[in-house]
Amino acid sequence: DGGITQSPKYLFRKEGQNVTLSCEQNLNHDAMYWYRQDPGQGLRLIYYSQIVNDFQKGDIAEGYSVSREKKESFPLTVTSAQKNPTAFYLCASSPVGGGAKTQYFGPGTRLLVL
Amino acid sequence: QKEVEQDPGPLSVPEGAIVSLNCTYSNSAFQYFMWYRQYSRKGPELLMYTYSSGNKEDGRFTAQVDKSSKYISLFIRDSQPSDSATYLCAMHFIQGAQKLVFGQGTRLTINP
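Let me begin by describing the structure that accompanies this report. All residue numbers refer to positions counted from 1 along the written sequence of the respective chain. Both sets of labels track the order of writing: A upward for chains, 1 upward for ligands. This being a predicted model, a pLDDT of at least 70 is required before a residue's local features are given, and a value of 80 or more before pairs of side-chain atoms are given or counted; all residues contribute to the totals for chains, interfaces and linings. For side-chain calculations, the full set of non-hydrogen atoms in the structure is used, while hydrogens and water are omitted.

**Quick look at the nonpolar core**
So, step 1. Residues Val4, Trp35, Ile72, Leu74 and Tyr87 of chain B are the most contacted members of the largest nonpolar core, which totals 25 residues.
So, step 2. In DSSP terms, a helix is any run of H or I states spanning at least four residues, a strand is any run of E spanning at least two, and both are numbered starting from the N terminus. When residues of this core are traced back to their parent elements, those giving at least two are strand 3 (19-25), strand 4 (30-38), strand 5 (45-51), strand 7 (61-66), strand 8 (71-76), strand 9 (85-93) and strand 11 (106-111) of chain B. Definition used in this section: a nonpolar core is a set of buried Ala, Val, Leu, Ile, Met, Phe, Trp, Tyr and Cys residues joined via side-chain atoms within 4.5 Å. With a 1.4 Å probe rolled over the protein chains alone, any residue whose accessible area is under 20% of its type maximum counts as buried; one over 50% counts as exposed, and the rest are partly exposed.

**Observations regarding the sheet that holds strand 8 of chain B**
Residues and elements named next belong to chain B.
So, step 1. Any two strands between which DSSP finds at least two bridges are classified as paired. The five strands lie next to each other as 1-3-8-7-6, forming an open sheet whose pairing is antiparallel. Looking at strand neighbours, the two that pair on one side only are strand 1 (4-6) and strand 6 (54-58), the edges of this open sheet. Between one strand axis and the next, the sheet turns by 15 degrees as a mean value, whatever way the strands run.
So, step 2. As paired strands, strand 6 and strand 7 are joined by five bridges and run antiparallel to one another. In the sheet register, Gly54 faces strand 7, and the bridge partner there is Val65. Axis lines are fitted through C-alpha atoms, for helices just across the contact stretch, and the angle between N-to-C directions can take any value from 0 to 180 degrees.

**Observations concerning the packing of aromatic side chains**
Each aromatic ring pair is specified by the distance between its two centres and by the angle formed by the two planes.
So, step 1. Whether two aromatic rings pair depends on their centres lying within 6.5 Å, for rings of Phe, Tyr and Trp, where Trp uses its six-membered ring; planes under 30 degrees apart make the pair stacked, over 60 edge-to-face, and the rest tilted. Under the criterion given, the structure shown has 12 aromatic pairs over all chains.
So, step 2. Seen from their ring centres, Phe105 of chain A and Tyr36 of chain B are 5.4 Å apart, and the 90 degrees between their planes marks the pair as edge-to-face. Linking Phe105 of chain A in strand 10 (residues 104-105) with Tyr36 of chain B in strand 4, this pair reaches from one chain into another. Pair check on accessibility: Phe105 of chain A and Tyr36 of chain B agree, each one buried.
So, step 3. Sitting over the ring of Phe74 of chain A, Arg68 of chain A keeps its end group 5.9 Å from the ring centre. Either the NZ atom of lysine or the CZ atom of arginine qualifies as a charge over a ring when it sits within 6 Å of the ring centre and within 35 degrees of the ring normal.

**Details of the interface of chain A and chain B**
So, step 1. Any two residues whose heavy atoms approach within 4.5 Å at even a single point are treated as in contact. Facing 28 residues of chain A, the contacting portion of chain B comprises 20 residues.
So, step 2. Both sides of the chain A and chain B interface together cover about 1,900 Å² of buried area, and 55% of this is carbon and sulfur.
So, step 3. Salt bridges are counted wherever a side-chain nitrogen of Lys or Arg sits within 4 Å of a carboxyl oxygen of Asp or Glu. Across the contact surface, chain A and chain B share zero salt bridges.
So, step 4. Polar contact is defined as a pair of N or O atoms within 3.5 Å, subject to the rule that within protein one atom must be able to donate a hydrogen and the other to accept it, and that residues adjacent in sequence are counted only when both atoms are side-chain atoms. Applying the counting criterion to the chain A and chain B interface returns two residue pairs in polar contact (both at pLDDT 80 or more).
So, step 5. Breaking the side of chain A that touches chain B down by element, the ones donating at least two residues are strand 4 (31-37), strand 5 (43-51) and strand 9 (87-94) of chain A. Using a 1.4 Å probe, buried area is obtained as the accessible area two parts lose upon being combined, added over both of them.

**Focus: the sheet that holds strand 1 (residues 4-7) of chain A**
Residues and elements named next belong to chain A.
So, step 1. A sheet is described by the order of its strands in space; here four strands give the open sequence 1-3-8-7, paired in antiparallel fashion. Bordering the open sheet on either side are strand 1 and strand 7 (64-66), each of which pairs with just one other strand. The average undirected angle you get between the axes of adjacent strands in this sheet is 20 degrees.
So, step 2. Both strand 1 and strand 3 (residues 19-25) contribute to a ladder of four bridges, which runs antiparallel. Across the sheet, residue Thr5 finds its bridge partner in strand 3, namely Glu24.

See the structure below:
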């Protein structure tokens with residue numbers, strides 16, 4: 001089955017620690033995205049990538065980093081510089097080109113701070 | 001002012017009612033409009049998308065876009081308890097980066 005997988009489902013971070021969230025897709029999509037979701041604030045874009053080895057900052061990139069070494073994978077690292085990391089993190093992918101830029105989402109990772 | 005405004009609710013209606021969910025936006029450059037449904041602790045799933053103004057129907061769901069008023073709606077007919085979820089509107093420009101702009105989401109409960 002084609003889709004997007006995110007792991008782990010739950011992640012606990014100690015203060016000062018970097019943690020990495022995994023996102024893999026087998027939809028053959030060129031573009032991938034990371035969003036953060038907080039209660040009452042909808043989805044906010046952290047980073048996105050339209051092609052391998054290239055990515056752009058979204059609206060709230062501070063304290064986060066990404067890499068795009070393979071088309072299928074777009075891991076997100078939450079660094080110690082992110083002072084309020086507790087949130088639900090969603091990865092998405094979409095084809096590029098004309099037409100609707102419909103994004104398909106993974107199941108999410110919930111990050112909690114110990 | 002946010003680019004996309006959506007009433008967060010919560011909205012609670014009886015089973016079988018017609019539900020109307022709405023978003024307003026400020027940027028007239030938006031051309032594609034989408035509705036996502038998100039169950040608790042799950043990723044959003046795409047319900048409907050429309051291009052420019054007009055209506056689109058899919059089963060019990062109808063998406064409506066009024067570009068002159070910068071207003072989009074999602075109607076749910078014969079609502080079911082399984083429709084209980086958060087509904088997110090999203091939109092993007094026809095050109096440029098593929099950034100979707102989301103509303104806050106409306107939390108909907110259908111009571112049996």
